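Architecture and fold: a report
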Amino acid sequence: MGTRYLLALFLILLVLGFEVQGAPTPRQDEAASATLFSQMQESLLGYWDTAKTAAQDLYRKTYLPSMDKKIRDVYSESTAAVTTYAGIFTDQVLYMLKGEE
């Protein structure tokens, strides 16, 4: 009896598969999808411009020359330290890989 149910299920799935394949699907024109893409792109660019403007306005409102100088000094010192330690790390890795010559 198990094989009869399996055969019946297989035939039902086969018929449904042919029905799905034969069902017409509406096709979208490439122009319509291009229009949708351009609308999405314009929307995202609009959000980006709004966020950028808000960030620039916030920066202008909170701009302090003394704080700006401190931030620049900390940035330059930290990048110098990172560069130094990255060089040391690179040398150590190369030494481990190559060994002594």
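Please refer to the structure higher up on the page.
Now for a quick tour of the structure. Along each chain, numbering runs from 1 in the same order as the chain's sequence is written. Predicted model: local features are reported for residues with pLDDT of at least 70 only, side-chain atom pairs are reported and counted for 80 or more only, and whole-chain, interface and lining totals are derived from all residues. Side-chain metrics rest on all non-hydrogen atoms present in the structure, leaving aside hydrogens and water.

Let's talk about the overall build of the protein chain
Going by this rule: Think of it this way: any DSSP run of H or I at least four residues long counts as a helix, any run of E at least two long counts as a strand, and we number them from the N terminus. In this scheme, a residue with accessible area under 20% of its type's maximum is buried, one over 50% is exposed, and one in between is partly exposed, where area comes from a 1.4 Å probe on protein chains only. For accessible areas, the Shrake-Rupley method is used with a probe of radius 1.4 Å. Any residue's cover is judged against the shown protein chains and nothing else.
The number of helices and strands found in the protein chain is three helices and zero strands. Traced from its N-terminal end to its C-terminal end, the protein chain shows the element sequence α-α-α. A burial count over the protein chain gives 1% of its 101 residues as buried. Only carbon and sulfur atoms are counted for the fraction: they give 66% of the accessible area of the protein chain, which is about 10,000 Å².

Here's the deal with the pattern of salt bridges
To be explicit about the condition: One side-chain nitrogen of Lys or Arg within 4 Å of one carboxyl oxygen of Asp or Glu is enough to make a salt bridge.
One pass over the structure, following the stated rule, counts three salt bridges. Between R60 and D57 there is a salt bridge; the shortest N-O distance is 3.1 Å. Of the two residues, R60 and D57 both sit in helix α2 (residues 30-61), three residues apart, roughly one turn of that helix. Of the residues examined, D57 reaches a relative accessible area of 34% and is grouped as partly exposed. Note that R72 and D68 form a salt bridge whose closest N and O atoms lie 3.2 Å from each other. Taken together, the positions of R72 and D68, both in helix α3 (residues 65-98) and four residues apart, correspond to about one turn of that helix. You can call R72 exposed: its relative accessible area is 55%.

Observations concerning a nonpolar patch on the surface
Stated precisely, the cut-off is as follows: Surface patches are defined over residues having more than 30% relative accessible area and no salt bridge, joining like charges when they lie within 9 Å and nonpolar side chains (Val, Leu, Ile, Met, Phe, Trp, Tyr) when within 5 Å.
Together, L7, F10, L11 and L14 make up an exposed nonpolar region whose accessible area comes to about 390 Å². Judged by relative accessible area, which is 44%, L11 ranks as partly exposed.

By themselves, these observations are geometric and do not establish any function.
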